Amino acid sequence: MDFQNNLQFAQELDAADALRNYRDAFHFPKVNGKQVIYFTGNSLGLQPKKTKKYVDEVMTDWAELAVEGHFHAEKSWWDYHERLAEPLAKVVGAKTKEVSVMNTLTVNLHFLMVSFYKPTADRYKIICEEKAFPSDQYMFQSQVKFHGLNPEDAIVEVKKREGEQHWRTEDIVAKINEVGDELALVLIGGVNYYNGQVFDMETITKAGKKVGANVGWDLAHAVGNIELKLHDWGVDFAAWCSYKYMNSGPGNASGIFVNEKYLGKKDISRFEGWWGTKKETRFLMKPKFEPMENADAWQVSNPPVLSLAPYLASLKMFEEVGMEALIKKRNKIVDYLEFILHEIDKEVDSTFEIITPTERGCQLSVFLHGQGKSLFNYLMDNGVITDWREPNVIRLAPAPFYCSYEDMYRFGQILKDGILEN
């Protein structure tokens, strides 16, 4: 499509957008009395308007039923989490039994490492990307130290090539093959938080499995953003948060994927608790753990229903729309945003470097050469909610559920004014 940098063209794109009505299904903050242009769905998604109803249902049941809500609420609490598994499995490309919801992201990665990082004297190394998200780095370091290993020896970071802003799949595969028989685990962020790169998870998973390693993925920036086929790709495990593209609320519950070949096993290493034991006999208070036949076996405590209610509300919308439609709009609106950036670049004779490669989801990371944080502050003061990453990068993530093409055009005009004023 030949894009145009004008309001009428953007409005025509919106009029033809099959998802345009979903914008009205979300609450938008306001700056100076006007609805913001929201580019931080990659950090915290907007609140769906239906979320309050789902939370109020739980609060009402708690008020009217108290403890009986566990079994007699319309959405009974003791199995509330099961309602999330099927729609979530569709989002991540899994079988329903391979998915569960519990805890928060880094907590779940630690729990999953118990099962999938079992170092030996010969096979103990972990491959991750250079400068992984800090929480992942801390998790890796503490895990290897827990096993009595030296992080500098056990953790192998795949670096970007000199002068390049993204990783090459062939370099990751080469590093996997180089570490070879010493490799215990590959664990990478499926979409890099800084540059927005989508990794070739299928190829990397295949390479890791070929040398005998387990392969997992941190999908914090991937779930609800890109197409995932965790089961078909043969991924061993994965975890993700729910508050970014999944719009479930700040710090909300995490999801996990465990490949079906590990399900129902009693001899797998795993930290276990009451809610992972068989549902049919859970209240018999038996002394021996009998694992659920699905990913719920990794649950330890009963689910936080007040946290799951917003997640369920959002998942109902994902189920209505489907990832195919979201990805179709995502591709078009991100392409339009890229076009706008280049057009403004020409108009103000500035230099924007988009450091996100073509393998991308919603996010464009833009290096603002010659511009300081004052430009970021100008954008925020004028109703463009984005975020800043040192040394000089803003991340723009137009989520397809609620961002419009007119947003992209208006952002370009505010950006131009900000550059001219700074």
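Everything numeric in this text was worked out from a predicted model, so none of it was measured.

### Quick notes on helix H5 (residues 105-116)
A rise of 1.5 Å per residue sets the reference length of H5, with its twelve residues, at 16 Å; its end C-alpha atoms lie 16 Å apart and thus fit the reference within 8%. Burial within H5 is extensive, with nine of its twelve residues counted as buried. Residues of H5 that are buried: Leu105, Asn108, Leu109, Phe111, Leu112, Met113, Val114, Ser115 and Phe116.

### Notes on unusual backbone geometry
The amide bond that connects Glu390 to the next residue, Pro391, takes the cis arrangement and shows omega of 10°. The topology assignment puts Pro391 in the loop between strand E14 (387-389) and strand E15 (393-396). Unlike most non-glycine residues, Ala66 shows phi in positive territory, near 50°. Within the secondary structure, Ala66 sits in the loop between helix H2 (51-65) and helix H3 (69-72).

### Brief notes about the side chain of Asn214
Along the polypeptide, Asn214 turns up in strand E8 (residues 214-218). There is a polar contact of 3.0 Å between the side chain of Asn214 and the backbone oxygen of Phe116. In this structure, Asn214 is in contact with Phe116, Ala184, Leu185, Val186, Lys209, Asp236 and Tyr262, ignoring residues within four places of it in sequence.

### Things to note about the pattern of salt bridges
Within the structure shown, the criterion is met by 30 salt bridges. The salt bridge involving Lys52 is made with Asp56; its shortest N-O contact spans 2.8 Å. Taken together, the positions of Lys52 and Asp56, both in helix H2 and four residues apart, correspond to about one turn of that helix. Under the relative-accessibility criterion, Asp56 is labelled partly exposed at 31%. Sharing partners across several salt bridges, the network here consists of Arg161, Glu164, Arg168, Glu170 and Asp171.

### Overview of the pairing of strand E4 (residues 99-102)
Of the two faces of E4, the one holding Val99 and Val101 and the one holding Ser100 and Met102 are both buried throughout. With four bridges connecting them, E4 and strand E10 (residues 254-258) associate as antiparallel partners. Its bridge partner being in E10, Ser100 is matched across the sheet by Ile256.

### Focus on a negative patch on the surface
Together, Asp200, Glu202, Asp232 and Glu359 make up a negatively charged patch on the protein surface. Position of Asp200 among the secondary structure elements: in the loop between strand E7 (183-189) and helix H9 (201-210).

### Some words on the packing of helix H4 (residues 82-92) against helix H10 (residues 305-321)
Put simply, H4 and H10 touch, their axes get as near as 9 Å, and they point 45° apart. The angle between H4 and H10 places the two elements in the oblique class. The two elements H4 and H10 cross, and the hand of that crossing is left-handed. When H4 is examined against H10, the residues Arg83, Leu84, Pro87, Leu88, Lys90 and Val91 are found in contact with a partner set consisting of Leu308, Tyr311, Leu312, Leu315, Phe318 and Glu319. Classifying every residue of the contact of H4 with H10 gives nine nonpolar, no polar and three charged.

### Here's the deal with the sheet that holds strand E6 (residues 155-158)
Ordered in space as E4-E10-E9-E8-E7-E5-E6, the seven strands form an open sheet in which the pairing is mixed. Two strands bound the open sheet, and with one partner strand each, they are E4 and E6. Along the sheet, successive strands turn relative to each other by an average axial angle of 20°, direction set aside. With three bridges connecting them, E8 and strand E9 (residues 237-240) associate as parallel partners. Within E9, the position partnered with Trp217 by the bridge is Ala238. Along the sheet, H5 contacts E4, strand E5 (125-129), E7, E8, E9 and E10; its crossing angle with E9, the most-contacted strand, is approximately 170°. Most of the contacts of helix H8 (residues 169-179) go to E6, to which it runs at about 155°, and overall it touches E5, E6 and E7.

### With respect to the packing of aromatic side chains
Applying the stated criterion across every chain, the model contains 26 aromatic pairs. Ring plane angle 50° and centroid distance 5.3 Å describe the contact between Phe71 and Trp78, whose orientation is recorded as tilted. Among the residues examined, Phe71 registers a relative accessible area of 43% and is labelled partly exposed. A ring pair is formed by Tyr336 and Phe339, whose centres lie 6.1 Å apart and whose planes are at 15°; its orientation type is stacked. Of this pair, Tyr336 and Phe339 both sit in helix H11 (residues 323-348), three residues apart, which is roughly one turn of that helix. Residue Tyr336 is classed as buried on the basis of its relative accessible area, which comes to 0%. A relative accessible area of 19% means that Phe339 is categorised as buried. Arg270 extends its terminal NZ or CZ atom over the ring of Trp298, reaching a point 4.6 Å from the ring centre. It is Arg282 that lies over the ring of Trp275; its NZ or CZ is 4.4 Å from the centre.

Cut-offs applied
Residues numbered from 1 in each chain as written. Predicted model: local features only at pLDDT ≥ 70, side-chain atom pairs only at ≥ 80, totals over all residues. Heavy atoms only, no water. Helix = DSSP H or I, 4+ residues; strand = E, 2+ residues; numbered from the N terminus. Expected span 1.5 Å × (residues − 1). Buried < 20%, exposed > 50% of the residue type's maximum accessible area, 1.4 Å probe, protein only. Polar contact = N/O pair within 3.5 Å; in protein donor to acceptor, adjacent residues only side chain to side chain. Contact = heavy atoms within 4.5 Å. Salt bridge = Lys/Arg side-chain N within 4 Å of Asp/Glu carboxyl O. Pairing = 2+ DSSP bridges. Patch = residues over 30% accessible without salt bridge, like charges linked within 9 Å, V, L, I, M, F, W, Y side chains within 5 Å. Areas by Shrake-Rupley, 256 points an atom, 1.4 Å probe, with all protein chains shown as cover. Lys, Arg positive; Asp, Glu negative; His and termini not counted. Charge placed at Lys NZ, Arg CZ, Asp CG, Glu CD. Axes fitted to C-alpha atoms, helices over the stretch in contact; angles between N-to-C directions. Parallel < 35°, antiparallel > 145°, perpendicular 65-115°, else oblique. Left-handed = near helix turned anticlockwise from the far one by under 90°. Nonpolar A, V, L, I, M, F, W, Y, C, P; charged D, E, K, R; others polar. Phe/Tyr/Trp six-rings, centres within 6.5 Å; stacked < 30°, edge-to-face > 60°. Lys NZ or Arg CZ within 6 Å of the ring centre and 35° of its normal.

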